[in-house]
Structure formats: C-alpha cells, structure tokens
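What follows is the residue order along each chain.
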Amino acid sequence: MGRFSYEGQTHADLDDRALAHVQMVVANKLRRGEPFYFTWKDDPSIGHGRTSVWIHPSCTMVFTYHGGRRPPLNRLWIEALSQLANTPGGLRLIPEPTQVDEMQFDDSGQIQ
C-alpha cells in the first residue's frame, strides 16, 4: 500500500499500482501548467467522507511506494484518469479498465 501526501498533512493510502497511475496523471497535468482537484474517499477508520485537494505547481506532494519495483502502467487507465482530471470535478480514482495496454519503463523512467 502506497501513500500520497499533500502539503505534509493530508494523506491518502492507495495501492502501489493505482498510486503510480495517479502520479503519472499529476505529473502530466502540472507539466502543462494545469491545476486541478484530486478527490478520494477517506479511510473508514476516520469516517465515510471524502477529501479534495487543489493540485497546483507550488504545492508539496510526496508519492511513497511500499514495493521497490515500478508497477507497469496501463495507458488506458492513464487516459481515463486524465479525462477525469480535465473535468470540473477533477481527478478521482476509478477502477482500472479490464482491457490493458501496458507501458514498460527503463531504470531512468523512460518508456521502452
């Protein structure tokens, strides 16, 4: 289980595979100078609510992974998450599409 941390005080625990996809979408949006909301359901231990954060270039974010290997990324999931990030409601985690178009990366993070 990985963790997304925002501004050092807000956290979301996500599966490493999901976190890697969120990180790719966040990086792509910020690289283009496009701020957006990211919303997730809170852990039941703290209630049944949700948290939304405004993602922008000057905010501090940390993506912490439990596993040591980079999970393969599903291009279709990235595209679906990116489309959500472009809506007024912003990015939220949705189930991975059953069809998979995986991208592999080398050690430097470049797509192979």
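Below you will find a few notes about this structure. Predicted model, so just to flag it, every value in this text is computed and none were measured.

Here's the deal with the overall build of the protein
Scanning the protein from N- to C-terminus turns up two helices and eight strands. The burial tally for the protein puts 37% of its 112 residues in the buried class. Total accessible area computed for the protein in this model is approximately 7000 Å², and 49% of it derives from carbon and sulfur atoms.

Remarks on the packing of helix α1 (residues 16-31) against helix α2 (residues 75-85)
Interaxial distance between α1 and α2 falls to 10 Å at its minimum, and their mutual angle equals 55°. Relative to α2, the element α1 lies oblique. The crossing of α1 and α2 is right-handed. Listed contacts from α2 to Arg17, Ala18, His21, Met24, Val25 and Lys29 of α1 are Trp77, Ile78, Leu81, Ser82 and Ala85. Split into classes, the residues belonging to the contact of α1 with α2 amount to seven nonpolar, two polar and two charged.

Thoughts on the layout of surface pockets
For the largest pocket, the calculated volume is near 340 Å³. Considering the residues around the largest pocket, the lining is formed by 14 residues, among which Asp13, Trp40, Lys41, Asp42 and Asp43 are closest to the centre. Mapped by element, the contributors of at least two residues to the lining of the largest pocket are β2 (10-14) and β3 (36-41). Element by element, the count of residues in the lining of the largest pocket is highest for β2, at four residues. When the residues that make up the lining of the largest pocket are grouped by side-chain class, the tally is five nonpolar, three polar and six charged.

Describing the side chain of Lys29
Inspection of the secondary structure assignment puts Lys29 in helix α1. Apart from the residues within four sequence positions on either side, Lys29 is in contact with Glu34, Phe36, Ala85 and Asn86.

Basis of the calculations
- Residues numbered from 1 in each chain as written.
- Predicted model: local features only at pLDDT ≥ 70, side-chain atom pairs only at ≥ 80, totals over all residues.
- Heavy atoms only, no water.
- Helix = DSSP H or I, 4+ residues; strand = E, 2+ residues; numbered from the N terminus.
- Buried < 20%, exposed > 50% of the residue type's maximum accessible area, 1.4 Å probe, protein only.
- Areas by Shrake-Rupley, 256 points an atom, 1.4 Å probe, with all protein chains shown as cover.
- Axes fitted to C-alpha atoms, helices over the stretch in contact; angles between N-to-C directions.
- Parallel < 35°, antiparallel > 145°, perpendicular 65-115°, else oblique.
- Left-handed = near helix turned anticlockwise from the far one by under 90°.
- Contact = heavy atoms within 4.5 Å.
- Nonpolar A, V, L, I, M, F, W, Y, C, P; charged D, E, K, R; others polar.
- 1 Å grid on protein atoms, 1.4 Å probe; cavity = no way out; pocket = protein on both sides within 12 Å on 5 of 7 lines; lining within 4 Å.
- Points joined across faces, edges and corners; volume = space filled by probe spheres on them.

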